[in-house]
Structure formats: C-alpha cells, structure tokens
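Take a look at the letters that make up each chain.
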Amino acid sequence: MENNLNQNITIVEIERKKHLKASEEYIHVKFNYQDKTEDVWVPVEYRRTGVSIKPGK
C-alpha cells in the first residue's frame, strides 16, 4: 500500500482529534490550490457513514 499524499495536501497535525460522544476522529490538513489554501479537518473515523481509516505505522 502506498502512503504518499498528493503533493497539494499537507497534514498539519498527525494527532487525531476525537469527539468521544459521536465516536468520531479527525485529522487537520491543508489543501493547497493554485489560488487559495483550504484549512480543514478530515474525518478518519466517522461512524455514521462507515468511514474507518486506521492510523499508519
């Protein structure tokens, strides 16, 4: 499996932020576009939609 991100994506914080009551986890990333940068939190554990991305080693 490949662990490389698109060159336009930067992980800001590797530590996951947890929302315990909702059983959700997010990572902080930046998407760099030609004319702007989006600073967002991406769900990596999201029970309601079945997203479950395990942490890398």
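Residues numbered from 1 in each chain as written. Predicted model: local features only at pLDDT ≥ 70, side-chain atom pairs only at ≥ 80, totals over all residues. Heavy atoms only, no water.

### Let's talk about the overall build of the protein
Now for step 1: The helix and strand inventory of the protein stands at zero helices and four strands.
Now for step 2: Start at the N end of the protein and walk to the C end: the helices and strands fall as β-β-β-β.
Now for step 3: In terms of principal-axis extent, the alpha carbons of the protein reach across some 35 × 25 × 20 Å.
Now for step 4: Taken over 57 residues, the protein has a buried fraction of 18%.
Now for step 5: Sequence separation of 24 or more characterises 16% of the internal contacts of the protein that already satisfy a separation of 6 or more.
Now for step 6: Here the protein displays about 5,100 Å² of accessible surface, and carbon together with sulfur accounts for 50% of that area.
Now for step 7: Each charge sign in the protein was given a centre, from 10 positive and 9 negative side chains, and these centres are 7 Å apart. (Helix = DSSP H or I, 4+ residues; strand = E, 2+ residues; numbered from the N terminus. Buried < 20%, exposed > 50% of the residue type's maximum accessible area, 1.4 Å probe, protein only. Contact = heavy atoms within 4.5 Å. Areas by Shrake-Rupley, 256 points an atom, 1.4 Å probe, with all protein chains shown as cover. Lys, Arg positive; Asp, Glu negative; His and termini not counted. Charge placed at Lys NZ, Arg CZ, Asp CG, Glu CD.)

### Examining the side chain of Glu24
Now for step 1: Position of Glu24 among the secondary structure elements: in strand β2 (residues 24-32).
Now for step 2: Within the local environment of Glu24, its side chain forms a polar contact with the side chain of Tyr26, the two groups lying 2.6 Å apart.
Now for step 3: Dropping the residues within four chain positions of it, Glu24 is found in contact with Lys17, Lys18, His19, Glu45, Tyr46 and Arg48. (Polar contact = N/O pair within 3.5 Å; in protein donor to acceptor, adjacent residues only side chain to side chain.)

### Focus: the pairing of β2
Consecutive residues of a regular strand have side chains that alternate between opposite faces of the sheet.
Now for step 1: One ladder, built from seven bridges, connects strand β1 (residues 9-19) with β2; its direction is antiparallel. The residue of β2 that forms the bridge with Ile9 is Phe31.
Now for step 2: The turn joining β1 and β2, which pair antiparallel and follow one another in sequence, is formed by four residues; a positive phi near 55 degrees is taken by Ser23.
Now for step 3: Pairing between β2 and strand β3 (residues 37-46): nine bridges, direction antiparallel. The residue of β3 that forms the bridge with Glu24 is Tyr46.
Now for step 4: In this structure, the hairpin formed by β2 and β3 is closed by a connection of four residues. (Pairing = 2+ DSSP bridges.)

### Brief notes about the pattern of salt bridges
Now for step 1: Applying the stated rule across the entire model yields five salt bridges.
Now for step 2: One salt bridge in this structure joins Lys17 and Glu13, with 3.3 Å as the shortest N-O distance. (Salt bridge = Lys/Arg side-chain N within 4 Å of Asp/Glu carboxyl O.)

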